[in-house]
Amino acid sequence: MRSPLVVRLLVVIGGVLAALALVAGHLHREVLDGPRFAEHIDEIRRDDDVAAALGEAIATELIVANPDLVALRPLVESVATRVAGSDVLSGPTRRAAEVTHEALTEADADSVVLRIADAAAVVTAVLNALAPDRAPVSADVSVALAEFGGQEFAETTVAIASVLDVLAWLLPLLALACLGGAIALSRDRWATTGSVGIAMAGAAAAVGLLLVVGGFLLRRQDTDVLSGAVVRATWDVLIRPLWWGVAILATVGITVVLATTSSAPAAIGRHLDRTRAALSSPPRSVAGAVLRAVLAVAVGVAAIADPLGMVELLVVLGGVLLVLLALTEIARVAAPARSEAAPAPAEATARSSRRWTAPTVLGLAAAVLVAGVAYLGWPGRDADEAVAAPVDGTTCNGHAELCDRSFDEVAYAASHNAMSVAREPGWFLAEQIDPIAVQLDQGVRALLVDVWSGVPAGDVVRTARSSYAEALAIAEEELGPEIVAAALRVAESIAGEAVGTEARFLCHGLCETGSTPFLEALAELRAWMAGHPDEVVTLFVEDHVDADLIAADIVAAGLLPFVHEPVVGAPWPTLGEMVRSGRRLVVMLEEGNGGAEAPWLVNGFEITQETPYTFPTVESFSCDPNRGPSDAPLFQLNHWLAGFTSLVTDAELVNERDVLLARAEQCAAERGQLPNLIAVNYVAIGDVFEVVDELNDVG
């Protein structure tokens, strides 16, 4: 049957299904995927308006539990807002989101309240430090980020999730079947293909219109209250990215329309002329005049009432038009060349233009689509698939002058507790801002890390029983009992049952106060070194596990081909020699060594001397000997202030050029040796890298 009515019906149904498929696919990806949903919820929680409203709710709950805090309400609200929007609550938020996600998508779940448990514990701990004379009593306070109703509501969402899980793959197939069937049944397949393009563009327009209307309605929400702030942030995080799908579908649809036109540039010109004429000339009928007036009023009111929504729509349309303009410009340039190469009668030329324009434009559209998919989410190639080949060694650590100097004649920026990162979730009182890979990009060339044994337990890591007492003592000494207690309460609120066997983690004492899998950090280090073949790096490990386990992880991460084997008492190679050999990673332990099985894993304090590291003030800084023999070839300058109540302001003070350079030069004079490892907190703050360059006398 080739009835035009059937063909048109299939095209219309296919367009409707394409619009539904676009929405269903987006929701399936962003909402039904549990881990992705948890990440989105955490992003919503960190939205400024949500953090402010959530902080106010936490403060209110704390004051209800501790009425005397009403005198400190501004301080309580300020601290609560900062905590509510900080990475400290990422772990509890994601765990709560996963539980809620299960409740809304699995039939046997009961809870449908997105609750951030024990958030006030962190606020209480901070208040204890800021106002100890008015210290609040810790209370079991948890705040609901959102409530979804009773179990009947959850039963509805479970049913919707089950249907959506099927529709996400079924709707695209049905849309393709309808649109493809329409082309197959049509007597004029070329014209029907153009109609298919119009249907796809129409589907994109319909979804875009829904986004505009939805954005208009949701921007009316009151962001001063928690529910309104959450709704607004949810739209921004979960729904607004659907514009990408709208733009791609519209581009494909319009490109198909142009591909079925004998001359795409001319067709665009004709359509623009017609549109211009329709807008500038008076309507031919009363109905036309009324319709144009209504449309003008609607657009004008929308622009006044929701300017952001109109800007958003215009930006998307502008992007689509720019892509199409590029495609048609290429087709216009290519048309004369085809005409000169194969002259033909007018009719044949028209057919040829139609025949050749379609593959050209469709091919370009496919290329744009592939590029878009690759940019938006195509899995990238791992940077560490292969060890980078050694280079010629004419530039070392960014400077040609350093290549002829031996390893112990160069100063290196070193990050103290490099794994304790403020921008990674779960780290209490972090001592660096950025992850290790970013630190390396910034110029860090020595990483000081602590390795402990732990066991994964949900979203946290539990310190191994064998070393828990030692870790607790270290954490309480360095962080303070109140902070440790708060951290443990938060950890317990999100911890699941410990599963699996012990593994190595980068922790600062208790892994419950922050952890990073050691093997993952080593893999990132390997990837970075593979991509930077003329850089020499040091990894100095405070080892609280057996050396053979650390050696095994280094081998498993594929770092062994990079590792240099120091020989105690022998001269160090030059940086150029290390770069040319590819053996440009020095790995040292504070306590143990690799023995005969891993001779490259050396005891650092057999070849490194250092200063003390528990200075309360700048005035108390000294260059006195601490660990390591006085004749050790390497010298580590520990340059940070002890205490965790003013980490950032302390770093701003001691990392300043005049303070850091003066101390480095003083210690060089007193100890008769250039400080090699300039170890600081918050290495990105201050003038650390400039001071290192001055010590190395490089520009």
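Remember, predicted model here, so these are calculated numbers, not experimental data.

A. Highlighting the pairing of strand β6 (residues 503–507). Most of β6 sits out of view: four of its five residues are buried. In this structure, strand β4 (residues 446–457) lies alongside β6, joined through four bridges in antiparallel fashion. Each residue of the ladder has a partner; that of Gly454, found in β6, is Ala503. Pairing of β6 with strand β7 (residues 515–517), which is carried by three bridges, proceeds in the antiparallel orientation. For Phe505, the partnering residue across the bridge sits in β7 and is Pro517.

B. Main features of the packing of helix α1 (residues 4–32) against helix α10 (residues 242–259). At a minimum axis distance of 10 Å, the contact between α1 and α10 shows a crossing angle of 145°. In the crossing of α1 with α10, the sense of the turn from one axis to the other is right-handed. Between α1 and α10, the contacting residues are Ala18, Leu22, Val23 and His26 on the first element and Leu242, Gly245, Val246 and Leu249 on the second. Residues belonging to the contact of α1 with α10 are distributed by class as follows: six nonpolar, two polar and no charged.

C. Molecular detail of the packing of α1 against helix α8 (residues 189–218). Axis separation between α1 and α8 bottoms out at 8 Å; the angle between their running directions is 35°. Crossing geometry of α1 relative to α8 is assigned as right-handed. Facing α1, whose interface residues are Val7, Val11, Gly15, Ala18, Ala19, Leu22 and Val23, α8 presents Thr192, Ser195, Val196, Ala199, Ala203 and Val207. Residues of the contact of α1 with α8, tallied by class, amount to 10 nonpolar, three polar and no charged.

Rules behind the numbers
- Residues numbered from 1 in each chain as written.
- Predicted model: local features only at pLDDT ≥ 70, side-chain atom pairs only at ≥ 80, totals over all residues.
- Heavy atoms only, no water.
- Buried < 20%, exposed > 50% of the residue type's maximum accessible area, 1.4 Å probe, protein only.
- Helix = DSSP H or I, 4+ residues; strand = E, 2+ residues; numbered from the N terminus.
- Pairing = 2+ DSSP bridges.
- Axes fitted to C-alpha atoms, helices over the stretch in contact; angles between N-to-C directions.
- Left-handed = near helix turned anticlockwise from the far one by under 90°.
- Contact = heavy atoms within 4.5 Å.
- Nonpolar A, V, L, I, M, F, W, Y, C, P; charged D, E, K, R; others polar.

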